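Reading the structure
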Amino acid sequence: MKLKKAIILLLTLSISAQMLGAVPTAYAAQTDPESSATDAVQPEGSGDLTSTEPVETATETEPNSDAENTDIKNDKQTNIAQSEIWFTDVDVDTYYYKSVAWAAKNGITSGTSDTTFSPGDDCTRAQIVTFLWNSCGSPEPDAASIQFTDVKPQAYYYQAVQWAVQNGITAGTTDTTFSPEESCTRSQAVTFLWRAAGCPSYTKETTASGQEASYFYDINQSKYYYSAVQWATERCVTSGTGDNAFSPRDICTRAHIVTFLYNLLEVRDTFSPSVSAPQLYEIASDAFDRITISWYASNGADGYAIYRKPVSSDEWVPIATVADANAVSYTDITAMAGIVYDYTVCAYNMDDGTQVFGRYDNTGISGTTRCFADQQTQYRNVSYTTLDGLPKGATIASGGCGPSSVCNLGNNLLGWNASIPQIAQIAVDSGARYNGGTNISTLLSAVQAQFGGFTYAYTSNDSNAFSAVDAGAMAIMHTNGTVKSSQYSQLLSSGGHFLCLLRVDGDTATIVDSYSYDGKWTATDVRRQNITQTDTVGIVQCPLSVLAEVVDYYYIVNRA
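Worth saying up front: this structure is predicted, and the values here are computed from it rather than measured.

Here we look at the overall build of the chain
- Helices and strands together make up the secondary structure of the chain, namely 17 helices and 20 strands.
- Buried positions account for 56% of the 560 residues belonging to the chain.
- Sequence-distant contacts in the chain: of pairs separated by 6 or more residues, those separated by 24 or more amount to 73%.
- As displayed, the chain offers around 22800 Å² of accessible surface, 47% of which is attributable to carbon and sulfur atoms.

Below, the structure written as structure tokens:
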């Protein structure tokens, strides 16, 4: 058996010259960062991988993506016939069949019993270093004993751990412990392989911003395993778990680790993505509920995957896939106003019906969804004089219907001479304005405390509101787009909208509609038939009977 293992080492290990004693001193001198609290996993039973292995306790199954062959290359053939596989739990149709067959034939494993391999069981730290040790021919370690209190001389993995420590593959989880029964994550397993190979370099792709491009969205350059995963991907040791993810925190199963070894030692391909990392262009927000990221198209791309993270986080989250080779932008309508986000884009092409991803810009590009309240503080006023000589008021270029209505009401009824940005700032400070919505009661209370001189009352009764305004009050009225009569649908708004009701003259209402200034609300047939545009910017008139069909409540304001 030892001779057979030596032959494996000589014939299949293209990195054998680097394998022993080639790990940089910096790695050999450190305890294993892969055992940190952020990546801690639950321990499970171990097995003797050099003889007959006891059945382990974990029963975690493979991810679906592995069942779809993401972590294996099937273009190379092993010389093992199906009849030579004695494991009853390793079927020829599974992605790991060739890997297990190769490992069993070459003495890297003999299973968890005479008839089982237990492919879905968690792989422990002891098992992984033993697999590695076996794949390198089970070399005799130096005579010096190791310092770990949890690795006994009689343990099946004793020599493997000695060898791994002496060659800088691991330094334990502390100065005195190795934690042999602790389960390994995928990132930990790949790191062991990378260290065993001598921490080799990999080909780096630099984005237009000067940043290194990464293979998977869920690995970050600040992580200890980043270089290991980049190398393992380029060497076709792994192709991830699907959808451009590596899943570094997922438990590495026994099927995973033999597949990693098989791909590294037997398949020995090199992965070169056919599309490059898209060059990010800009990020912009033109409204409170959306933010748009733009990029330059990548040659050969069939589509793009979009990722986002708050700048305070290291975790990218996939938010959309754009299946369009000509796409150069994406608008995110799920971002929360006021939060600064990083966005990045990864190109992919289709290979036999499967998305094959290139690399992505790990740094991304930052932008903030504009909070509508903040936006309003920057808007300019557009002054007007009402038709019948009321005091000067104001409207704005777009948006801000709540603060603008309060401002117009105060200027026209109470003579404030206030500006839209001033009232908008009060809305921001009082919390009345948030993510595009306005709590008018909160805003009125805040401006009342600052300006004084008025009272206000809520009503949903149209007649009471019209009577009060006819008697000299003014009102802020709200239309929510769900009208009482479908015949007047979208008269004033296709969504929530506040307007200032200035006057009631007979059966006609005079209204300040800030959105009428910039054409935000299109001139539908309903508007043409029922709304009269006056000669004064932002002022419209409407029959009371029609208005009553589209307004659901009013705040009536009187001088104190």
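Past the structure itself, the notes keep going.
Points about the packing of aromatic side chains
- In the structure shown here, the tally under the stated rule is 24 aromatic pairs.
- For the ring pair Phe148 and Phe178, a centre distance of 5.9 Å and an interplane angle of 35 degrees mean the geometry is tilted. Of this pair, Phe148 sits in the loop between helix H6 (125-135) and helix H7 (158-166) while Phe178 is found in the loop between H7 and helix H8 (186-196), placing the two residues 30 residues apart along the sequence. When sorted by exposure, Phe148 lands in the same class as Phe178, which is buried.
- Measuring from centroid to centroid gives 5.3 Å for Trp295 and Tyr304, while their planes differ by 50 degrees, and the two rings are tilted. Grouping residues by exposure puts Trp295 and Tyr304 together as buried.
- Cluster of aromatic residues (ring-pair linked, three or more members): Trp416, Phe451, Phe454, Tyr456, Tyr458, Phe498, Tyr553 and Tyr555.
- The ring of Phe117 carries Arg254 above its face, with NZ or CZ at 4.5 Å from the centroid.
- A cation over an aromatic ring shows up here: Lys309 above the ring of Trp316, its NZ or CZ 5.2 Å from the ring centre.

Things to note about the packing of helix H12 (residues 401-414) against helix H13 (residues 420-430)
- Running from N to C, H12 and H13 point in directions that differ by 120 degrees, and their axes come no closer than 9 Å. Compared by their axis directions, H12 and H13 come out oblique. Crossing of H12 over H13 shows right-handed handedness. Touching Pro403, Ser404, Val406 and Cys407 of H12 are Ile420, Ile423, Ala424 and Ala427, all from H13.

Some details on the sheet that holds strand S15 (residues 474-479)
- Here seven strands make up an open sheet; going across it, the order is S14-S20-S15-S16-S17-S19-S18 and the pairing antiparallel. The open sheet has two free edges, formed respectively by strand S14 (454-459) and strand S18 (532-533), since each of these has just one partner strand.
- Note: strand S17 (residues 508-512) against strand S19 (residues 539-543), five bridges, orientation antiparallel. When the bridges of S19 are listed, Ile511 appears paired with Val540.
- Where H12 meets the sheet, its contacts fall on S14, S15, strand S16 (497-505), S17 and strand S20 (553-559), and the angle it forms with S16 comes to roughly 25 degrees.
- Across the sheet, helix H14 (residues 440-451) lies against S14, S15, S16 and S20, angled at about 170 degrees from S14, the strand it touches most.

Observations concerning the nonpolar core
- By size, the foremost hydrophobic cluster in this structure holds 63 residues, and its most contacted members are Leu132, Leu193 and Ile257.
- Broken down by secondary-structure element, the contributors of at least two residues to this core are helix H5 (97-105), H6, H7, H8, helix H9 (226-234) and helix H10 (254-267).
- Among the elements that line this core, the one with the most residues is H10, at nine residues.
- The contact partners of Leu132, leaving out residues within four places of it in the chain, are Trp163, Ile169, Phe192, Leu193, Ala196 and Leu261.
- Counting residues in hydrophobic clusters, the runner-up holds 28 residues, among them Leu413, Ala432, Phe454 and Val512.

Considering the pattern of salt bridges
- The final tally for this structure, using the stated rule, is five salt bridges.
- Across the pair Arg249 and Glu315 runs a salt bridge whose closest N-O atoms are separated by 3.3 Å. Separated by 66 residues along the polypeptide, Arg249 in the loop between H9 and H10 and Glu315 in the loop between strand S4 (303-310) and strand S5 (317-322) bring together distant segments of the chain.
- What makes Glu315 partly exposed here is its relative accessible area of 33%.

Considerations on the side chain of Ser298
- With respect to the helices and strands, Ser298 occurs in the loop between strand S3 (290-296) and S4.
- A relative accessible area of 7% means that Ser298 is categorised as buried.
- Setting aside anything within four residues of it in sequence, one finds Ser298 in contact with Ser276, Ala277, Pro278, Tyr304 and Ala347.

The rules behind each value
Residues numbered from 1 in each chain as written. Predicted model: local features only at pLDDT ≥ 70, side-chain atom pairs only at ≥ 80, totals over all residues. Heavy atoms only, no water. Helix = DSSP H or I, 4+ residues; strand = E, 2+ residues; numbered from the N terminus. Buried < 20%, exposed > 50% of the residue type's maximum accessible area, 1.4 Å probe, protein only. Contact = heavy atoms within 4.5 Å. Areas by Shrake-Rupley, 256 points an atom, 1.4 Å probe, with all protein chains shown as cover. Phe/Tyr/Trp six-rings, centres within 6.5 Å; stacked < 30°, edge-to-face > 60°. Lys NZ or Arg CZ within 6 Å of the ring centre and 35° of its normal. Axes fitted to C-alpha atoms, helices over the stretch in contact; angles between N-to-C directions. Parallel < 35°, antiparallel > 145°, perpendicular 65-115°, else oblique. Left-handed = near helix turned anticlockwise from the far one by under 90°. Pairing = 2+ DSSP bridges. Core = buried A, V, L, I, M, F, W, Y, C linked by side-chain atoms within 4.5 Å. Salt bridge = Lys/Arg side-chain N within 4 Å of Asp/Glu carboxyl O.

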